[in-house]
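Coordinate inspection notes
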Amino acid sequence: MASSNVAFQTFSLANQISEISPQDEIFAFDAEANRKINQQAPWDQDPQYFKSCKISAVALIKMVIHARSGVPHEIMGLMQGKVVGNAIVIMDSFALPVQGTETRVNAANEANEYMVTYVQESEKVRRLENVVGWYHSHPGYGCWLSGIDVDTQMNNQRFQDPFVAVVIDPNRTISAGKVDIGAFRTYPKDYTPPSASASEYQSIPLNKIEDFGVHANQYYPLDVEVFKSSLDNELLGLLWNKYWVNTLSQSPLISNRAYAVSQIVDLHQKLFKAAESSLNGTRPNLPMFKGQEERSSGKDEKKKEESQLAKAVKDSQKIAVDAQHGLISQILKDIIFSSRPNPQLQVSQIGEVVDATMNIG
């Protein structure tokens, strides 16, 4: 189907999927080299040894489909791969039969038994890579590690390193059309990390900000790269058809309506909090006695207030853009699939409809 191919090409461009030769060493598994790097374990000497996480397109789409199927609950799975230089390479992924809630996911004994059986059966079909990471979803609240996630990842790195944690937000993926994904490694328990560089801003719900801030210095993000080869095309086509049909059969405005409402409620709470701090800043200061120091200057308070408002503006812009994307998607689907054939309907008329939608608000 031509529309499916166009959609997949758009998906590949949006997620910067690079195509490499099937003969590339990234697809070969060298058992001796794998044993040697695991014995040397250079990541034990350098807490930031790993710089990137390279994920195959097949594994990525499998994880996205799994994450989307669990909404509004969290899901969990494992990833098979290897170490290549300073990168953890993910070749495949598989879901775990675990029970999740809207805020956490719990792996029981059945999941451990399933994992062992799956890895053993994988070896029989020449999938020799070890389990090198786990993934789970954060439906609607971004890609980062909570306190429970940090503890889980620390234990994984302690007992079965090398290991990476991947987080996917299926709600934001549907809204934006690009996979919202993050890969992370935790620092050792007694390690003091260097000053963190400024990262890209992401909207965190107000009820998650405290958990996000408390543990933010206990882990660091890896650069995520996605790759595929020409030999993956058939398998990618089968997976994509499932993903594409599910995407076609639903509108992000409807399937993500609970997420959209929660975003607006969260924005209201953030604006209310910013307004409260603004009102508190306008109250007259009590006279200061000699020797008494001011706890905070007026400039600091004003800067904090502006920061809160600036973040709220960014959040509101994101909500508006996601809504526009949903409207445009729905209009295009309606024109392509629902409208009767009309030879007079020109491409320019479709463009006018889309432009009108972009100008809403």
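Residues numbered from 1 in each chain as written. Predicted model: local features only at pLDDT ≥ 70, side-chain atom pairs only at ≥ 80, totals over all residues. Heavy atoms only, no water.

**Observations regarding the confidence of the model for the protein**
- Per-residue confidence for the protein gives a mean pLDDT of 75; residues scoring 70 or more make up 68%.
- Taking the mean pLDDT of every element in the protein, the minimum, 55, falls on helix 12 (residues 347-358) and the maximum, 93, on strand 8 (residues 164-168).
- Ignoring residues within four places in sequence, the model shows residues 291-298, a span with pLDDT below 50, making three contacts including any to other chains. (pLDDT = per-residue confidence, 0-100. Helix = DSSP H or I, 4+ residues; strand = E, 2+ residues; numbered from the N terminus. Contact = heavy atoms within 4.5 Å.)

**Section: unusual backbone geometry**
- P72 follows V71 through a cis peptide bond whose omega is 10 degrees.
- By the element assignment, P72 lies in the loop between helix 3 (57-70) and strand 3 (76-84).
- With a phi close to 55 degrees, Q16 is a non-glycine residue in the positive phi region.
- In this fold, Q16 is placed in the loop between helix 1 (2-14) and strand 1 (17-19).
- Using a relative accessible area of 65% as the deciding quantity, one classes Q16 as exposed.
- You will see that A41, though not glycine, has its phi angle at about 45 degrees, which is positive.
- Looking at the secondary structure, you find A41 in the loop between helix 2 (31-40) and strand 2 (52-56).
- Under the relative-accessibility criterion, A41 is labelled buried at 9%. (Buried < 20%, exposed > 50% of the residue type's maximum accessible area, 1.4 Å probe, protein only.)

**Observations regarding the nonpolar core**
- F50, I61 and I90 are the most contacted members of the largest nonpolar core, which has 38 residues in total.
- Sorting elements by how many residues they give to this core places helix 3 first, with nine residues.
- Setting aside chain neighbours within four positions, we find I61 in contact with F8, F11, L236, L239 and W240.
- Grouped together as the second largest cluster of nonpolar side chains are 17 residues, L78, F94, W134 and F163 included. (Core = buried A, V, L, I, M, F, W, Y, C linked by side-chain atoms within 4.5 Å.)

**Thoughts on the pattern of salt bridges**
- Enumeration according to the criterion identifies five salt bridges in this entry.
- A salt bridge links E19 to K228; its shortest N-O distance comes to 4.0 Å. Of this pair, E19 sits in strand 1 while K228 sits in strand 10 (residues 219-228); the two residues are 209 residues apart in sequence, bridging distant segments of the chain.
- Assessed through its relative accessible area of 49%, E19 is described here as partly exposed.
- Given a relative accessible area of 10%, K228 falls into the buried group.
- Between D92 and K62 there is a salt bridge whose closest N-O contact spans 2.8 Å. With D92 in strand 4 (residues 87-95) and K62 in helix 3, this pair connects stretches of sequence that are 30 residues apart.
- The exposure class assigned to D92 is buried, which follows from its relative accessible area of 11%. (Salt bridge = Lys/Arg side-chain N within 4 Å of Asp/Glu carboxyl O.)

**What to know about the packing of aromatic side chains**
- The final tally for this structure, using the stated rule, is nine aromatic pairs.
- For the ring pair F27 and F227, a centre distance of 5.8 Å and an interplane angle of 70 degrees mean the geometry is edge-to-face. Placement of the pair is F27 in the loop between strand 1 and helix 2 and F227 in strand 10, with a sequence separation of 200 residues.
- Judged by centre distance (6.4 Å) and plane angle (50 degrees), the rings of F94 and Y114 are tilted. Note that F94 is positioned in strand 4 and Y114 in helix 4 (residues 109-124), a separation of 20 residues in sequence.
- We classify F94 as buried; its relative accessible area is 4%.
- Pairwise contacts between aromatic rings join W43, Y49 and F50 into one cluster. (Phe/Tyr/Trp six-rings, centres within 6.5 Å; stacked < 30°, edge-to-face > 60°.)

**Details of the environment of T10**
- Within the secondary structure, T10 sits in helix 1.
- Spatially, the C-alpha atom of T10 lies 9.6 Å from that of K178, the residues being 168 residues apart in sequence.

**Here we look at the environment of S21**
- Its location among the elements puts S21 in the loop between strand 1 and helix 2.
- Spatially, the C-alpha atom of S21 lies 8.5 Å from that of K228, the residues being 207 residues apart in sequence.
- With near-sequence residues (within four places) excluded, S21 lies in contact with F27 and S229.

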